Amino acid sequence: MTALSLKDARKAYGAVEVLRGINLEIEQGEFIVFVGPSGCGKSTLLRMIAGLEEVTGGDLYIGGQRVNDVPPSRRGIAMVFQSYALYPHMTVYDNMAFGMRIAGESRQEIDRRVRAAADSLQLTAYLDRLPKALSGGQRQRVAIGRAICRDPKVFLFDEPLSNLDAALRVATRIEIARLKEQMADTTMIYVTHDQVEAMTLADRIVVLSAGRIEQVGAPLELYERPANLFVAKFIGSPAMNIIKAKISEAGSTTRVDLQAGRTATLDIVTDASQKGKPASFGVRPEDLRVVTDGEDYLFEGEVALVEALGEVTLLYINGPASEEPIVVKLAGIHSIKKGERLHFAADPARFHLFDENGRTYRR
Ligand code: ADP
Ligand code: MG
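Just so it is clear, the model here is predicted, and its values are computed rather than measured. (Residues numbered from 1 in each chain as written. Chains lettered and ligands numbered in written order. Predicted model: local features only at pLDDT ≥ 70, side-chain atom pairs only at ≥ 80, totals over all residues. Heavy atoms only, no water.)

Novice: For this particular structure, what's the right way to read the layout of surface pockets?
Specialist: Vacant regions in the atomic arrangement are exposed by a probe of water-molecule size rolled over the atoms. Roughly 650 Å³ of internal volume is contained in the largest pocket. What lines the largest pocket is a set of 26 residues, among which I77, A78, M79, G99 and R150 lie closest to the centre. The greatest single-element share of the lining of the largest pocket, amounting to four residues, is contributed by strand β6 (residues 77-80). Split into classes, the residues belonging to the lining of the largest pocket amount to 17 nonpolar, three polar and six charged. (1 Å grid on protein atoms, 1.4 Å probe; cavity = no way out; pocket = protein on both sides within 12 Å on 5 of 7 lines; lining within 4 Å. Points joined across faces, edges and corners; volume = space filled by probe spheres on them. Helix = DSSP H or I, 4+ residues; strand = E, 2+ residues; numbered from the N terminus. Nonpolar A, V, L, I, M, F, W, Y, C, P; charged D, E, K, R; others polar.)

Novice: How should the nonpolar core be read in this particular structure?
Specialist: Side chains of nonpolar character tend, in soluble globular proteins, to be buried together. If you look at the biggest cluster of nonpolar residues, it comprises 44 residues, and the most contacted ones within it are M96, V114, I144, I148, F155 and Y190. For this core, the leading source of residues is helix α4 (residues 136-149), giving six residues. In contact with V114, other than residues within four places in its own chain, are Y93, M96, A97, M100, L127 and C149. If you look at the next biggest cluster of nonpolar residues, it comprises 29 residues, including A9, V67, I77 and L156. (Core = buried A, V, L, I, M, F, W, Y, C linked by side-chain atoms within 4.5 Å. Buried < 20%, exposed > 50% of the residue type's maximum accessible area, 1.4 Å probe, protein only. Contact = heavy atoms within 4.5 Å.)

Novice: It is not clear to me how the sheet that holds strand β4 (residues 57-62) should be interpreted in this structure. Could you clarify?
Specialist: Hydrogen bonds between backbone atoms are what pair the strands of a sheet, whose relative direction is either parallel or antiparallel. The four strands are arranged β2-β1-β4-β5 in an open sheet whose pairing can be described as antiparallel. Two strands lie at the open edges of the sheet, namely β2 (16-27) and β5 (65-66), each paired on one side alone. Along the sheet face, helix α1 (residues 42-50) touches β1 (2-13), β2 and β4 and points at about 120 degrees away from the line of β1. (Pairing = 2+ DSSP bridges. Axes fitted to C-alpha atoms, helices over the stretch in contact; angles between N-to-C directions.)

Novice: Is there a simple way to explain α4 in this structure?
Specialist: Each turn of an α-helix holds 3.6 residues, which means side chains three or four residues apart point in the same direction. Taking 1.5 Å as the rise per residue, α4 with 14 residues should run 20 Å; its terminal C-alpha atoms sit 20 Å apart, in good agreement. Among the 14 residues of α4, 11 are classified as buried, and the element is accordingly described as predominantly covered. Listing the buried residues of α4 in full gives G137, Q138, Q140, R141, V142, A143, I144, G145, A147, I148 and C149. Where α4 is buried, its residues contact β6, α2 (92-102), α3 (107-120), β7 (154-158) and α5 (166-182). Backbone geometry just after α4 places D151 at a positive phi near 50 degrees. (Expected span 1.5 Å × (residues − 1).)

Novice: How should I be thinking about the site of ligand 1 in this particular structure?
Specialist: Neighbouring residues of ligand 1: Y13, V18, P37, S38, G39, C40, G41, K42, S43 and T44. Interatomic distance of 3.3 Å between a backbone N/O atom of C40 and an oxygen atom of ligand 1. At 2.9 Å from an oxygen atom of ligand 1 is found a side-chain nitrogen or oxygen belonging to S43. Starting from 560 Å² of accessible surface for ligand 1 in isolation, the protein chains cover 55%. Examining the composition of the shell around ligand 1, we find that three residues originate from one element, α1, more than from any other. (Near = heavy atom within 4 Å. Polar contact = N/O pair within 3.5 Å; in protein donor to acceptor, adjacent residues only side chain to side chain. Areas by Shrake-Rupley, 256 points an atom, 1.4 Å probe, with all protein chains shown as cover.)

Novice: For this particular structure, what's the right way to read the pattern of salt bridges?
Specialist: Two side chains of opposite charge can pair, provided their charged atoms sit close to one another. Inspection of the entire model under this criterion finds 24 salt bridges. Across the pair K7 and E25 runs a salt bridge, and its minimum N-O distance is 3.1 Å. Here K7, found in strand β1, pairs with E25, found in strand β2; they are 18 residues apart in sequence, far enough to count as distant. A salt bridge links K11 to E53; the nearest nitrogen and oxygen atoms lie 3.7 Å apart. (Salt bridge = Lys/Arg side-chain N within 4 Å of Asp/Glu carboxyl O.)

Novice: Would you mind going over the side chain of S280 with me for this structure?
Specialist: Mapped onto the elements of the fold, S280 is located in strand β14 (residues 278-283). On the accessibility criterion, S280 (15% relative accessible area) is buried.

And the structure:
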């Protein structure tokens, strides 16, 4: 069942179009994550769904009903923001109960829902505390609990973990993953700029750029089959390496020229007309490996910087025809030093190729 749909939804502030025609269907129970660079319109889109921003073009449907003109309180949504905005003089219990009291719910019903939410978020021991006596992570869980109590059809989160320190982010992310399992029928839309949150929480990720959807898909689908250069560079960290290339052979196999006489052969079928065209060749840092002299290689270059992180070693390589150094991500610890010249190769199945407009050549 479709829980929410946007049809050519637009948002303009005066002459400035911030959302330029969003088309999206979200199924009931789906966990959808919006990602994209700062300023691309993620919060605006979420606030439009919540009813906090007017829709200036197109249509928004929740549960089959067009809600463009329905006030926020009647949309069946609940929203959790980056800043938790708890009432400082009220206990955790009262913070969670407040909305239901305003709505005139019975005391028993309020108590049942507060205790159920507190239980699912491991807040039962803190119900009598004031917010100032809680950690940042606990406060954000209270804000989430307050939203759960409203029993929303659609749950909206706008970067709920971005004010937390690294350890709390991880703990609270796992809490949200549990919540997702417990509330499997509730549709959730979650905005983040954190790759790990997006990849681990999402059923589907929506990648936005400058007010438009670039691609919608399951996390690994976006990672393995990005629709274009933007998504290829946005999903994955460190980002995919892009090397300027020229198509030297098109057809049932495709060959591209890279730097200094190197070529790469891809198992991608291209139209004969593509021969001679400029292209962008992509390979992810984690797909590259060091090969010994004499072995076939993709490119060679000098190590400009080594970052040894223990679990992985990142090499920054000068040399190939790319404006930025090529990043190589090797598992574990290596004795490679700055200044060494090395050869690198990758499995051709992990190569990516984009046309001059940035669109992916599909396999
Ligand atoms: P994100 O959440 O992806 O960082 P936002 O949705 O907050 O981005 O903002 C998208 C764009 O809309 C930005 O360029 C921002 O400056 C603009 N914007 C947001 N709110 C307003 C407003 N009230 N008036 C004018 N422009 C706005
Ligand atoms: Mg935002």
